[in-house]
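Fold and contact review
One letter stands for each residue in the lines below.
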Amino acid sequence: MEIDFTPINFSENLGEFKRSLKQFFSNSPSQKVVLLCDTNTLENCYTKIADLPFLKEAEIIEVEPGEASKNIEIANHIWENLLELDFTKADIIINLGGGMICDLGGFVASTFKRGMRFIHIPTTYLAMVDASIGGKQGINLLNTKNQVGVINAQEATFICPDFLDTLPQREIISGLAETIKHGLIGNSEIWQKAEENLTNLTGLDLIKKSIEVKQHIVNLDPYEKGERKKLNFGHTIGHALENVDGNGLLHGEAVAHGMLVEAFISWQKEFLSELEFNKIKALIISNYGNPTLEIESISKLIIKDKKNLSEKINFTLLHSIGSSSIDNNLDLDEVKELLDKFNRLL
Ligand code: ADP
Ligand code: ZN
């Protein structure tokens, strides 16, 4: 089945953004609106657009910030609210927030009455270039991320970098890791801009280029049968690092370290040159610090990775900066040896 992931609307500034959103609502049939946000996006983002006419009438549903809100109890609370408010399939949910809000709201909307309308307004860098693109909507289960969900395209995504003005710097740097990933797997120009200066990536131009890499891949393979696995680069190790107790890493920080380790594996398997590996190492360490790899805890976590077939660990590896290949399957023992070698290198 074809999915249309194309409608992404870009605005340079809030004025333009508000005009586009207003246009979208004036073109669409009259409907009830729910705006889903968390405490931070209510305070920092909703207030920037609250004067839009269709928002004056909107119901606001606010949840606690943080990944812990992406669960079935909260989803249920939102479904019940929608039912009590007599929402139908023709009504619309606006997801105003980071990845947590977009994933949760997208899941709730995709399942309520077997699918109602929804749009994403991502307010974190990570959500702009990743979570709000490509139609993955879902919630966590037993503290494991994204275990229940659907692939279902939002009606539109509205991107405006002005929302980043209030986002803590640590969240921005973390999100940039996904754009660095897009550069590494598919666009060396993005990588060069990152090498020049990481803050280049926060401009609308580079946000667009980053999204183009992801859009191109998800359009080829929306259901992750092949090509879409490229987007998992850095995530096999990254997810494990994110889930090691007490690590305290944000998603993008863990992915940055994961990319360094997986670039190391790419070099060791003689796909990637030592020169390019060293460039990647320099950029990641200077912006995200040195990774610490506890081999035993990481091994336990990667073996549970939902992408693996049988006992092999599935990696996307780099061939050069800007080009990658999927389905490189390594034995756990070999992975452990490589992790050990990596620890000795740093
Ligand atoms: P991510 O987008 O990285 O997946 P979250 O949705 O959990 O993660 O957002 C990260 C944090 O940033 C949350 O505490 C959220 O409330 C907050 N946040 C999101 N957007 C903004 C913003 N534009 N300004 C300030 N804080 C924000
Ligand atoms: Zn990611």
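Structure: see above.
Residues numbered from 1 in each chain as written. Chains lettered and ligands numbered in written order. Predicted model: local features only at pLDDT ≥ 70, side-chain atom pairs only at ≥ 80, totals over all residues. Heavy atoms only, no water.

Turning our eyes to something else, we now look at the coordination of the zinc ion (ligand 2). Six octahedral donors around a metal ideally make angles of 90 or 180 degrees; four tetrahedral donors ideally make 109.5 degrees. Taken together, the protein ligands of the zinc ion (ligand 2) are Glu178 (OE), His235 (NE2) and His251 (NE2), with distances of 1.9 to 2.1 Å. Read from N- to C-terminus, the donor residues coordinating the zinc ion (ligand 2) fall into the pattern E-x56-H-x15-H. Residue His235 is located in helix H10 (residues 235-243), and its partner His251 is located in helix H11 (residues 251-268); the two are separated by 16 residues in the primary sequence. Here the two residues His235 and His251 agree in accessibility, since each one is buried. (Donors = N, O, S within 2.8 Å, 3.2 Å for Na, K, Ca; no water. Helix = DSSP H or I, 4+ residues; strand = E, 2+ residues; numbered from the N terminus. Buried < 20%, exposed > 50% of the residue type's maximum accessible area, 1.4 Å probe, protein only.)

In the region of ligand 1, 16 residues are neighbours, and Asp38, Gly99, Thr123, Thr124 and Thr166 sit closest. Between Asp38 and ligand 1, the recorded distance is 2.8 Å, taken from a side-chain N or O atom to an oxygen atom. Within the side chain of Asn40, a nitrogen or oxygen atom sits 2.9 Å from an oxygen atom of ligand 1. Bound to the protein, ligand 1 loses 86% of the 560 Å² it would expose on its own. Looking at the shell around ligand 1, the elements with two or more residues in it are helix H2 (39-49) and helix H5 (99-111). By residue number, the principal contributor to the shell around ligand 1 is H2, which donates four residues. (Near = heavy atom within 4 Å. Polar contact = N/O pair within 3.5 Å; in protein donor to acceptor, adjacent residues only side chain to side chain. Areas by Shrake-Rupley, 256 points an atom, 1.4 Å probe, with all protein chains shown as cover.)

Consecutive side chains along a regular strand alternate between the two faces of the sheet. When strand E9 (residues 312-320) meets strand E10 (residues 323-331), the two strands line up antiparallel, connected through seven bridges. Within E10, the position partnered with Ser320 by the bridge is Ser323. Between the end of E9 and the start of E10, which pair antiparallel, lie two residues, with Gly322 showing a positive phi angle near 105°. (Pairing = 2+ DSSP bridges.)

Summed over all chains, the structure comprises 16 salt bridges. A salt bridge links Lys18 to Asp51, with the nearest nitrogen and oxygen atoms 3.1 Å apart. Here Lys18 is found in helix H1 (residues 14-27), whereas its partner Asp51 is found in the loop between H2 and helix H3 (53-56), with 33 residues between them in sequence. Of the charged contacts in the structure, one is a salt bridge between Glu334 and Lys269, with a shortest N-O distance of 2.7 Å. With Glu334 in helix H14 (residues 332-345) and Lys269 in the loop between H11 and helix H12 (274-288), the pair connects residues that are 65 residues apart, well separated along the chain. Among the residues examined, Lys269 registers a relative accessible area of 32% and is labelled partly exposed. Overlapping salt bridges bring together Glu67, Lys70 and Asp103 as one network. (Salt bridge = Lys/Arg side-chain N within 4 Å of Asp/Glu carboxyl O.)

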